[in-house]
Amino acid sequence: MQAKDVMSTMVVTVRPEASFIDVVGAMVRFKVNAITVVDADERPIGVISEEDLLLKEIGPGRHTDGVLGGGSRREGRGKAVAATAGEIMTTPAVTVMRGTSVRDVVRLMHRHRVKQLPVIDAVTGRVAGTVHQGDLLKIFTRPAEEIDREITEICDRLCADREGLVVGIESGVVTLEGRVGFRSQISRLVAAAREIEGVLAVESRLTYQSDDMAGIPAPPPATKAEP
């Protein structure tokens, strides 16, 4: 799944000259926890989060060093006295493209400690949508038919006979039963199934016809290097 599959097409933006009150009003009105600041060409130049706005309540003379804003003490003080969106925003804006994988979107949110990301159109460079943390939960409600289809594609790549497998999918848990041609296909099939979006766990009850791993020596035990 990609950002375009889970994003919201409702885009809330403000210009750099927007006042503090205007930014707060937009967030409250549209019930968002962050807002994108765009330039005259509607291209993103920064993002304002609820945490950025709350620094105003803390005030410039108190602790504003990353507890809310995530930046330095100087940045926190600047945001605390800021009057416009251009002064409050965090730059540069962290963005994703329509084709960015959901997995990469999650990584970016975690790395930058943000709750939403603007989705950018590759041609115009403008904001085409927004991905919220709540949107990402959609991957855990994927229809079983979609997951089963991906398992079939995996079997095709591994040259495993899909007709010989019984696949169970319930509450994000995939159960694989049946027989594959070679022993080495089992671990590869299970590993690939775990990477499918929306799969929480994989239970394998697979058997094999031929042991293509017989005679392969086990890796040597790890040894502690001499100082």
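Here we summarise the structure given alongside this text. These figures come from a predicted structure and were not determined experimentally. Numbers given for residues are sequential positions, taken from 1 along each chain in its written order. With the structure being a predicted model, the display of local features is reserved for residues of pLDDT at least 70 and the display and counting of side-chain atom pairs for 80 or more, all residues being used for whole-chain, interface and lining totals. Based on all heavy atoms of the structure, the side-chain values leave hydrogens and waters out of the count.

With that out of the way, let us pick up the sheet that holds strand β7 (residues 165-170). Taken together, the three strands give an open sheet; going across it, the order is β7-β8-β9, and neighbouring strands pair in mixed fashion. Each edge of the open sheet is held by one strand with a lone partner, namely β7 and β9 (201-210). Along the sheet, successive strands turn relative to each other by an average axial angle of 10°, direction set aside. When checking whether two residues touch, look at their non-hydrogen atoms; a contact exists if any pair is within 4.5 Å. Lines fitted to C-alpha atoms define the axes, with helix axes restricted to the stretch in contact, and inter-axis angles between N-to-C directions lie between 0 and 180 degrees. In this text, helices come from DSSP runs of H or I with a minimum length of four residues, and strands from runs of E with a minimum of two, each type numbered from the N-terminal end. Strands β7 and β8 (173-182) of the sheet are contacted by helix α8 (residues 144-157), whose axis makes an angle of about 145° with β7. The strands touched by helix α9 (residues 183-194) are β7, β8 and β9; relative to β9, the strand with the most contacts, the crossing angle is about 160°. A pair of strands is labelled paired if DSSP reports no fewer than 2 bridges between them.

Let us now look at the sheet that holds strand β6 (residues 127-132). An order of β4-β5-β6 is seen for the three strands of this open sheet, with the pairing classed as mixed. In this open sheet, the two edge strands, each paired with only one partner strand, are β4 (96-97) and β6. Examined bridge by bridge, strand β5 (residues 116-120) and β6 share five bridges and lie antiparallel to one another. When the bridges of β6 are listed, glutamine 116 appears paired with histidine 132. This element, helix α6 (residues 102-112), spans β4, β5 and β6 of the sheet and lies at about 130° to β5.

In these notes, a set of buried Ala, Val, Leu, Ile, Met, Phe, Trp, Tyr and Cys residues joined through side-chain atoms within 4.5 Å is what counts as a nonpolar core. Each residue gets one of three labels from its accessible area relative to the maximum for its type: buried under 20%, exposed over 50%, partly exposed in between, using a 1.4 Å probe on protein chains only. Ile151, Val174, Leu176, Leu189 and Val202 are the most contacted members of the largest nonpolar core, which has 19 residues in total. Only α8, β7, β8, α9 and β9 provide two or more residues apiece to this core. Excluding anything up to four places from it in sequence, leucine 189 contacts Ile154, Cys155, Leu158, Leu165, Leu176 and Leu206. Val14, Ile35, Leu53 and Ile88 belong to the second largest nonpolar core, which has 16 residues in total.

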